[in-house]
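# Structure assessment
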Amino acid sequence: MLRHCREKYSDYVTLLFNHKVININQDSESATAVVEVGGQDELKRTVTFEASYIIGCDGGQSTVRKTLFQRNWPGETFESRLLVQNVYYKGFADSGWDGGNYMIDDEFWGLIAKRGKAKGPEGELWRVTYGDSAANLSEEEYLKRRELAFKKMLPGHPDPSQYKVTQTDQFRIHNRCVEKMRVGRVFLAGDAAHVCNPFGGYGCTAAVLDVAGLADCLIGYYEGKADEDILDAYAEIRREKFLQFIDRRSRKNLNRISKTNADTALETDPFLALLKGMEGNADETKKFLLKVSSIEFDFTTLYKNPVAA
């Protein structure tokens, strides 16, 4: 993505590193971002950028969101802790594992997915993301339970000597959404506006749909194809898509892998049964993957002269 911006859109995109937003302001004419400039060992200085609009895409710890709403971010933080680690382990290949694999269990549940082509003496590199149902433990206590989790989740039920963990991070799991995705000349998109648990990939997908939709709205307004109220439509529609579909479905996915009986899941869960029924049918699988989702919205249909589909 970085190379794409530099090589294809260098006339339109300016990339600045070591620029930390510390405050934003706005009036009826423009919006400004106050930014601290400087690397880790450099003398810091403060500069101000001015533009017609500011779009906060600065993640779950968004400074832009906090400036607008302080600590008010409606939603829920779950008790379970999420552990994410990179793992080399020959047992994945030996057991015929590939791609992404959801693990259903009431104690340790999650997603085990192949990272790519990286290999080491212990096998290929995989990302093991799992939730631990134990509540109110310290980070050290959760980490001590990883050996038990891997013994239960990984194929072959390995001992620690059989795999190599190269990186581990711990996260809390949240489903939250701001009350407004537009405040005057300031917009929020992606994790800065809303977050959800990672099971199902809705966080990344929602972020892409947010910024693509907002781009269409800004282009339409700039080129005179739409009035400024299309910017309000972005904020209202994308927030509604999160609350009505993404939030609910991501919660359902979380419950699917953490609260379902694995032995009877295919009989009790219609979605899993649907996926199972498509196994080996390339045409049906392609049709399922390419269908338009209810979390999408084409903002060009709001132009004064809508673009033909």
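Small disclaimer: the values here were computed from a predicted structure and weren't measured. (Residues numbered from 1 in each chain as written. Predicted model: local features only at pLDDT ≥ 70, side-chain atom pairs only at ≥ 80, totals over all residues. Heavy atoms only, no water.)

### Let's talk about the sheet that holds strand S5 (residues 75-89)
- Here we have six strands laid out as an open sheet, ordered S6-S7-S8-S5-S9-S12, and antiparallel in their pairing. Strands at the two margins of the open sheet, each flanked by one partner only, are strand S6 (100-103) and strand S12 (194-195).
- Note: S5 against strand S8 (residues 123-132), eight bridges, orientation antiparallel. Note that in S8 the partner of Leu83 across the bridge is Tyr130. (Pairing = 2+ DSSP bridges. Helix = DSSP H or I, 4+ residues; strand = E, 2+ residues; numbered from the N terminus.)

### Describing the sheet that holds strand S11 (residues 186-188)
- Read across the sheet, three strands follow the order S4-S11-S10 without closing on themselves; strand pairing throughout is mixed. The sheet is open, and its two borders are formed by strand S4 (54-56) and strand S10 (182-183), each paired with just one other strand.
- In this structure, S4 lies alongside S11, joined through three bridges in parallel fashion. Directly across from Ile54, in S11, lies its bridge partner Val186.

### Comments concerning the UniProt feature "domain: FAD-binding" (unreviewed entry) in the chain
- Mapped onto this numbering, the UniProt entry gives "domain: FAD-binding" (unreviewed entry) at residues 11-244.
- Measuring from the first to the last C-alpha atom of residues 11-244 gives 38 Å, for a span that is 26% helix and 38% strand. (UniProt positions renumbered as here; feature names shortened; annotations may be inferred.)

### What about the side chain of Arg182?
- Topologically, Arg182 is positioned in strand S10.
- A distance of 3.0 Å separates the side chain of Arg182 from the side chain of Glu228, its partner in a polar contact.
- Side chain to side chain, Arg182 and Asp232 meet in a polar contact 2.9 Å long. (Polar contact = N/O pair within 3.5 Å; in protein donor to acceptor, adjacent residues only side chain to side chain.)

### Describing the environment of Ala33
- Among the structural elements, Ala33 can be located in strand S2 (residues 31-37).
- Spatially, the C-alpha atoms of Ala33 and Tyr130 are 38 Å apart, while their sequence positions differ by 97 residues.
- The residues touching Ala33, leaving out its near neighbours within four places in the chain, are Asn23, Ile24, Val47, Thr48, Phe49 and Ile54. (Contact = heavy atoms within 4.5 Å.)

### Focus on the pattern of salt bridges
- Applying the stated criterion across every chain, the model contains 17 salt bridges.
- Close ionic contact of Lys152 with Glu107 constitutes a salt bridge, the shortest N to O distance being 3.0 Å. A residue pair is termed long-range when its members are at least 10 positions apart, and Lys152 in helix H5 (residues 146-153) and Glu107 in the loop between S6 and strand S7 (108-120) qualify at 45 residues.
- For Lys152, a relative accessible area of 37% puts it in the partly exposed group.
- Among the ionic pairs, Glu223 bridges to Lys225, the shortest N-O distance being 2.9 Å.
- Taking the relative accessible area as the measure of exposure, Glu223 reaches 48% and is therefore partly exposed.
- Residues participating in the shared-partner salt-bridge network are Asp105, Glu107, Asp132, Arg145 and Lys152. (Salt bridge = Lys/Arg side-chain N within 4 Å of Asp/Glu carboxyl O. Buried < 20%, exposed > 50% of the residue type's maximum accessible area, 1.4 Å probe, protein only.)

### Structural notes on unusual backbone geometry
- Look at Asn18: it is not a glycine, yet its phi comes out positive at around 55°.
- Within the secondary structure, Asn18 sits in the loop between helix H1 (2-8) and strand S1 (19-26).
- Located in the positive-phi region is Asn136, a residue other than glycine, with phi close to 65°.
- Relative to the helices and strands, Asn136 resides in the loop between S8 and helix H4 (139-144).
- In this structure Asn136 comes out as exposed when scored by relative accessible area, which is 73%.

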